[in-house]
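One-letter residues, chain by chain:
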Amino acid sequence: MKTKEIYRCTECGAKAMRWQGQCPGCGEWNTLAAATERRSSGKSRAAAPTQPQTRPQPLAECSTEDFNARPTGLEGLDPVLGGGLVPGAAILLGGEPGVGKSTLLLQLAGTLAKSGASVVYGSGEESLPQLKNRAERISHLSPTLLAMATSNADDLLDALESANPPDLIIADSVQTLASPRADGLPGSVSQVRAVSTELIERSKAKGTTLVLVGHVTKDGQIAGPKLLEHMVDTVLYLEGDRRTRSRIVRVLKNRFGPSDELVVMDMHETGLTPVADPATHFLGSRDTSLPGTSLALAIDGHRPFALEVQALSTESYLSNPRRTALGLDGNRLHLLLAVMQKRLNLNLGQYDIYAKLAGGLVTRDPGLDLAVAAAILSSFYDLPLPENATFWGEVDLNGQVRTAAGHDTRLAQAKRLGLSPAVHSANCRTLGDLQRFLFGKK
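The paragraphs below set out a description of the structure included in this document.

Parameters at a glance
- In this numbering scheme, every chain counts its residues from 1 along its sequence in written order.
- Whole-chain, interface and lining totals are the exception, using all residues; otherwise, since this is a predicted model, local features are given only for residues with pLDDT of at least 70 and side-chain atom pairs are given and counted only at 80 or more.
- The basis for every side-chain value is the complete set of non-hydrogen atoms in the structure, without hydrogens or water.
- A strand pair is defined by DSSP finding two or more bridges across the two strands.
- We count a stretch as a helix when DSSP gives it H or I for four or more residues in a row; a strand needs E for two or more, and each element gets its number in order from the N terminus.
- By convention, a crossover is right-handed whenever its connection, traced from the first strand over the helix to the second and viewed with the strands pointing away, goes clockwise.
- Axes here mean lines fitted to C-alpha atoms, for a helix over just the part in contact, with angles spanning 0 to 180 degrees between N-to-C directions.
- The rule is simple: take the accessible area with a 1.4 Å probe, protein chains only, and divide by the maximum for that residue type; under 20% is buried, over 50% is exposed, in between is partly exposed.
- In what follows, residue pairs with any heavy atoms lying within 4.5 Å of each other are defined as contacts.
- Given a helix with a known number of residues, its expected span is that number minus one, times 1.5 Å.
- What counts as a ring pair is set by centres within 6.5 Å for rings of Phe, Tyr and Trp (its six-membered ring), and what kind of pair is set by the plane angle: stacked under 30 degrees, edge-to-face over 60, tilted for all other angles.
- Arc definition: directions from the helix axis to the C-beta atoms.
- Pairs of cysteine sulfur atoms within 2.5 Å are identified as disulfides in what follows.

This part takes up the pairing of strand E16 (residues 351–357). As defined by bridge partners, strand E14 (residues 303–315) adjoins E16 across 7 bridges and the pair is classed as antiparallel. Bridge assignment links Thr314 to a residue of E16, and that residue is Asp352. Pairing of strand E15 (residues 323–326) with E16 involves 4 bridges; the strand directions are parallel. The residue bridging Thr324 from the neighbouring strand is Tyr354, located in E16. Handedness of the crossover joining E15 and E16 through helix H7 (residues 330–343) is recorded here as left-handed.

This is how it looks when you write it as structure tokens:
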């Protein structure tokens, strides 16, 4: 066994013989870290599992009878997955620590096991007594649910190679598993690539649905090489504030159904339950008599949501007034304030401006521009807006209000919820029109 010191990129896994500031593979800066490369003859390393020989065949003669999706049994999850769990599909689930990834997967495993499916839950982070206690707490402990606490990827591969391979196998998480056929510690780029490749190949060959749990970085991205997201068929992201009950399962990629879709859920002691009517879930109890609040109809994925936009403008005593956005795009808030100051002749440069979305939802919908502008004007003039008024529209750099994507969907949702007047690009062409309509000011 020979060892050699090299430098490996933590983002893409590229190698370099010496340290340098920029990665030669992906171009990122300061990502090369020292690593030890081991080289040996093929005899000392465990042999890779042999794969059956595959030959080309006419695509028209390929059978799809065993390719039907199996319902998950969890309400609201099947539509975004394209009907359920497809045999041989690989699903990647990411999210912040403690947001509920293991709880959601244990619900899924328990529900499928009770329906007669064979499920194997592999955990590299928790012991079997911990898994049992959680399953009992959420009432999803099934006698037929199989589990193992292991950090060896070969244990999961052995379960796939059994005489009766499971219908669903869960690896929680892929960063805790290690393969003897790859170098590095568990969670390294080489190990994550090797483990995911072996599990995905064997799952597709056996017709088993594979769910991989992925950790996230401090920036909120799924940890490991970007190749991992390209290898799987579906990428789900569970997001939400751990201090609140609301959770959102967001579909970032899906080869079997719609992408850019989401499911709104509530966290309870018995697990995650879907919200019956997510259209008004994030409104809560709002006081329409207070200034600085507006009602917006936003679209996230393909669903329209009624959201409360809150804004606060207060005179600043700082040389650089503060601009803070929560749940909104901060750069977009800066642009909107600059347009309002220029086109409406408002002295916003002497005010601290704070804007947020109530309820904990984070969205980048450009159609929120008009609602944010209305909330800022309401706070600036210290006057409340009409009680049931709703706003949507995109504001350009000239102060013109453009038609937001999904205009007809938002309009239909406003009529269903009884929200009137609806202020949008058809009846409000500029920010000046908005100011005159709300406050009668030129």
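Here we come to unusual backbone geometry. The residue after Asp172, namely Ser173, is reached through a cis peptide bond having omega 5°. Structurally, Ser173 is set in the loop between strand E7 (168–172) and helix H5 (189–206). A cis amide bond links Ser420 to the next residue, Pro421, at an omega of 0°. Even without being glycine, Asn30 reaches a positive phi, approximately 55°.

The strands making up a sheet are joined through hydrogen bonds of the backbone, oriented either antiparallel or parallel. Overall, mixed pairing links the 9 strands, which are arranged E6-E5-E7-E8-E4-E9-E10-E11-E12 in an open sheet. At either margin of the open sheet sits one strand with a lone partner, and together these are strand E6 (145–149) and strand E12 (271–274). On average, each strand axis in the sheet is inclined to that of its neighbour by 25°, with strand direction left out of account. Judged from the 5 bridges that link them, strand E4 (residues 90–95) and strand E8 (residues 209–214) form a sheet pairing that is parallel. Considered in E8, the bridge of Gly94 is made with Gly214.

Time to look at the pairing of strand E5 (residues 119–123). Burial runs high along E5: 5 of the 5 residues are buried. On E5, burial covers both faces: Val119, Tyr121 and Ser123 on one face and Val120 and Gly122 on the other are all buried. In this sheet, E6 lies alongside E5 in parallel orientation, the contact comprising 5 bridges. Opposite Ser123, over in E6, you have Ala149 as the bridge partner. On the question of chirality, the crossover connecting E5 to the parallel E6 by way of helix H3 (residues 128–137) is right-handed. Note that E5 and E7 share 5 bridges and pair parallel. Looking at the pairing, Ser123 lines up with Asp172 of E7.

It is worth spelling out the environment of Met148 at this point. Here Met148 lies in strand E6. Between the C-alpha atom of Met148 and that of Leu131, which follows or precedes it by 17 residues, the distance is 9.6 Å. Those residues in contact with Met148 that lie beyond four places of it in its chain are Val120, Tyr121, Gly122, Ser123, Leu128, Asp155, Leu156 and Ala159.

Taking 1.5 Å of rise per residue, the 13 residues of helix H8 (residues 369–381) would be expected to cover 18 Å, and the 18 Å separating its terminal C-alpha atoms lies within 8% of that figure. Among the residues of H8, Asp369, Leu370, Ala371, Val372, Ala373, Ala374, Ala375, Ile376, Leu377, Ser378, Ser379 and Tyr381 are the ones counted as buried. Once H8 ends, the next one or two residues include Asp382, with phi positive near 60°.

The subject of this paragraph is the packing of aromatic side chains. Scanning all chains against the criterion turns up 4 aromatic pairs. Centre to centre, the rings of Tyr351 and Phe380 are 5.3 Å apart; their planes meet at 65°, and the pair counts as edge-to-face. In this pair, Tyr351 is assigned in strand E16 and Phe380 in helix H8, connecting sequence segments 29 residues apart. Of the residues examined, Tyr351 reaches a relative accessible area of 22% and is grouped as partly exposed. Taking the relative accessible area as the measure of exposure, Phe380 reaches 22% and is therefore partly exposed. Between Phe380 and Tyr381, the aromatic rings sit 5.3 Å apart at their centres with planes inclined by 80°, giving edge-to-face as the arrangement. Chaining the aromatic ring pairs together yields one cluster made of Tyr351, Phe380, Tyr381 and Phe439.

The subject of this paragraph is helix H9 (residues 407–417). Buried within H9 we find His407, Arg410, Gln413 and Ala414. Angular distribution of buried residues about the axis of H9 spans 130°; they occupy a single face of the element. What points out from H9, more than 90 degrees from its buried face, is the exposed set Asp408, Lys415 and Arg416. Contact partners of the buried residues in H9: strand E13 (293–300), E14 and strand E17 (390–391). In the segment just after H9, Gly418 is the residue with positive phi, at about 70°.

Glancing now at the sheet that holds E15. Judged by pairing direction, the sheet is mixed, and its 6 strands sit side by side in the order E15-E16-E14-E13-E17-E20 without closing on themselves. At either margin of the open sheet sits one strand with a lone partner, and together these are E15 and strand E20 (422–423). Sheet strands touched by H7: E15 and E16. Its angle to E15, the strand with the most contacts, is close to 130°.

Turning next to the state of the cysteines. Going through the model one piece at a time under the given rule, you end up with 0 disulfides. There is no disulfide at Cys9, and the cysteine sulfur nearest it, in Cys23, is 3.5 Å away. Look at Cys23 and you get buried, because its relative accessible area is 3%.

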